[in-house]
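Coordinate analysis (summary)
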Amino acid sequence: MSHTSESTVERITLPMLQRWKEDGRRLVMTTAYDAVTARIADPIVDMILVGDSVGNVCLGFDNTLPVSMAMMNHHLDAVARAKPRALLVADMPFLSFHLSPGDTIRNAGGFLQRGADAVKLEGGAKRVGVIRSLVDCEIPVMGHLGLTPQSVNAMGGFKVQGRKADDALRLLDDAQRLQEAGCFALVLEAIPAELAARATESLTIPTIGIGAGPDCSGQVLVFHDVLGLIEGHRPKFVRTYADGFQLLQEALSRWAVDVRNRTFPAPQESYRLPQGIGETIANWAPSNRIRCEA
Ligand code: KIV
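What counts, and at which threshold
Residues numbered from 1 in each chain as written. Predicted model: local features only at pLDDT ≥ 70, side-chain atom pairs only at ≥ 80, totals over all residues. Heavy atoms only, no water. Near = heavy atom within 4 Å. Polar contact = N/O pair within 3.5 Å; in protein donor to acceptor, adjacent residues only side chain to side chain. Areas by Shrake-Rupley, 256 points an atom, 1.4 Å probe, with all protein chains shown as cover. Nonpolar A, V, L, I, M, F, W, Y, C, P; charged D, E, K, R; others polar. Helix = DSSP H or I, 4+ residues; strand = E, 2+ residues; numbered from the N terminus. Buried < 20%, exposed > 50% of the residue type's maximum accessible area, 1.4 Å probe, protein only. Contact = heavy atoms within 4.5 Å. Phe/Tyr/Trp six-rings, centres within 6.5 Å; stacked < 30°, edge-to-face > 60°. Lys NZ or Arg CZ within 6 Å of the ring centre and 35° of its normal. Axes fitted to C-alpha atoms, helices over the stretch in contact; angles between N-to-C directions. Parallel < 35°, antiparallel > 145°, perpendicular 65-115°, else oblique. Left-handed = near helix turned anticlockwise from the far one by under 90°. pLDDT = per-residue confidence, 0-100. Pairing = 2+ DSSP bridges. Right-handed = clockwise from strand over helix to strand, strands pointing away. Arc of directions from axis to C-beta. Salt bridge = Lys/Arg side-chain N within 4 Å of Asp/Glu carboxyl O.

Some remarks on the site of the ligand
Neighbouring the ligand are the residues Thr31, Leu49, Gly51, Asp52, Ser53, Asp91, Lys120, His144, Val187 and Ile210. Contacts to the ligand include Asp91, whose side-chain N or O atom sits 3.1 Å from an oxygen atom. One nitrogen or oxygen atom from the side chain of Lys120 is found 3.0 Å from an oxygen atom belonging to the ligand. Surface burial for the ligand is 95%, taken as the share of its 260 Å² of free accessible area covered by protein chains. Across the shell around the ligand, the residue classes tally to three nonpolar, four polar and three charged.

Here is the structure:
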């Protein structure tokens, strides 16, 4: 699908996602943090998330806690400039929805003014008030339950959630509360497949799983994980479809070899002077010119 014919490209909307959940059509979401990744992903996915995972994926932090509104705005602006047809969701970073209702609405509303279609925020029942106030301001909200990375300290690490009966029941209750508060979809992260399936069948809104088994209404994976752009440990739930890191390094090293053995750039990759000017510059000498100017 071309990005140049904007008027003919149908933008994905919230009612479409709801309809697709009802029709049993699986929803696909990935992350993008800049215009290039957004353009790669946009023709393929239904939703693009400017995730606060930008902190660990792109910015070199160990977790998402240092990610600020200024950082999120910077990356959202870049993605929005790609004018995606996919529904564009922006992640509310740590402390952007915890301090005061006014701040929360300004931060979330600011995301919409910059081009997001919706915001995502982490947390269960205790976020109901915040979610209601955003929805009242016509700001669509995607919830996020299970492993919520902004709670890494409270959870004692990035651990699978909802394995104990109490935790599983709380998650099912939270999912209901978030739906009642007005969320249009929920991300379910790192929870047992059976629990995600139960949540999905009990809700009317779509669930988007990441490490939550096959029975969610859709799936999300981080762009860099799908394409194998990150070296080192990968969570069990990541399936990688390319060895992007190696692929890109191989391409870059072929270019470096060409530079070093002087086969790059070739004549067709170089600009030429118009006829006659070559002789002029060949006759130039620094001392001549300085004498003329004096
Ligand atoms: O920040 C993020 O990328 C996310 C997804 C993994 C759901 O929250």
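Here the narrative resumes.
Observations concerning the side chain of Thr148
Secondary-structure assignment places Thr148 in the loop between strand S5 (141–146) and helix H7 (152–155). Judged by relative accessible area, Thr148 falls into the buried class, the value being 6%. Every residue in contact with Thr148, bar those within four places of it in the chain, is listed here: Glu122, Gly123 and Met155.

A closer look at the packing of aromatic side chains
Using the criterion set out here, one finds one aromatic pair in the structure. With a centroid separation of 6.3 Å and 75° between ring planes, the pair formed by Trp255 and Phe264 is classed as edge-to-face. Overall, Trp255 belongs to the partly exposed group, its relative accessible area being 45%. Looking at Arg25, its charged tip hangs above the ring of Trp20, at a distance of 3.7 Å from the centre.

Some words on the packing of helix H6 (residues 128–136) against helix H8 (residues 165–181)
Two elements in contact, H6 and H8, have axes separated by 9 Å at closest approach and are oriented at 25°. By the angle class used here, H6 and H8 are roughly parallel. Between H6 and H8 lies a crossing of right-handed hand. Across the interface between the two elements, Val128, Ile131, Arg132 and Val135 of H6 pack against Arg177, Leu178, Glu180 and Ala181 of H8.

Description of the confidence of the model for the protein
Summing up the model confidence of the protein, the mean pLDDT is 94 and the portion of residues at 70 or higher is 95%. Under a pLDDT of 50 for its full length, residues 1–6 has, in the predicted model, nine contacts with residues more than four places off or in other chains.

Examining the pairing of S5
In terms of burial, S5 is largely enclosed, as six of its six residues are buried. As paired strands, strand S4 (residues 118–122) and S5 are joined by four bridges and run parallel to one another. Bridge assignment links Lys120 to a residue of S5, and that residue is Met142. Crossover connection from S4 via H6 to parallel S5: handedness right-handed. Bridge count for S5 against strand S6 (residues 185–189) is five bridges, and the pairing is parallel. Looking across to S6, one finds that Gly143 is bridged to Leu186.

Remarks on helix H1 (residues 14–23)
What H1 keeps buried is the set Met16, Leu17, Trp20 and Lys21. Mapping the buried residues of H1 onto a view down its axis gives an arc of 140°, with all of them on the same face. Every exposed residue of H1 that faces more than 90 degrees away from the buried side is listed here: Pro15, Glu22 and Asp23. Those residues of H1 hidden inside the fold are in contact with strand S1 (27–31), strand S2 (47–50), strand S3 (87–91) and helix H9 (193–202). A positive phi of about 80° marks Gly24, the residue just after H1.

Some remarks on the pattern of salt bridges
Inspection of every chain in the model, using the stated rule, returns seven salt bridges. Of the charged contacts in the structure, one is a salt bridge between Arg114 and Asp77, with a shortest N-O distance of 2.9 Å. Remark: Asp77 occurs in helix H4 (residues 69–81) and Arg114 occurs in the loop between helix H5 (101–113) and S4; sequence separation between them is 37 residues. The partner of Lys120 in a salt bridge is Asp91, with the nearest N and O atoms 2.9 Å apart. Remark: Asp91 occurs in strand S3 and Lys120 occurs in strand S4; sequence separation between them is 29 residues. For Asp91, a relative accessible area of 2% puts it in the buried group.

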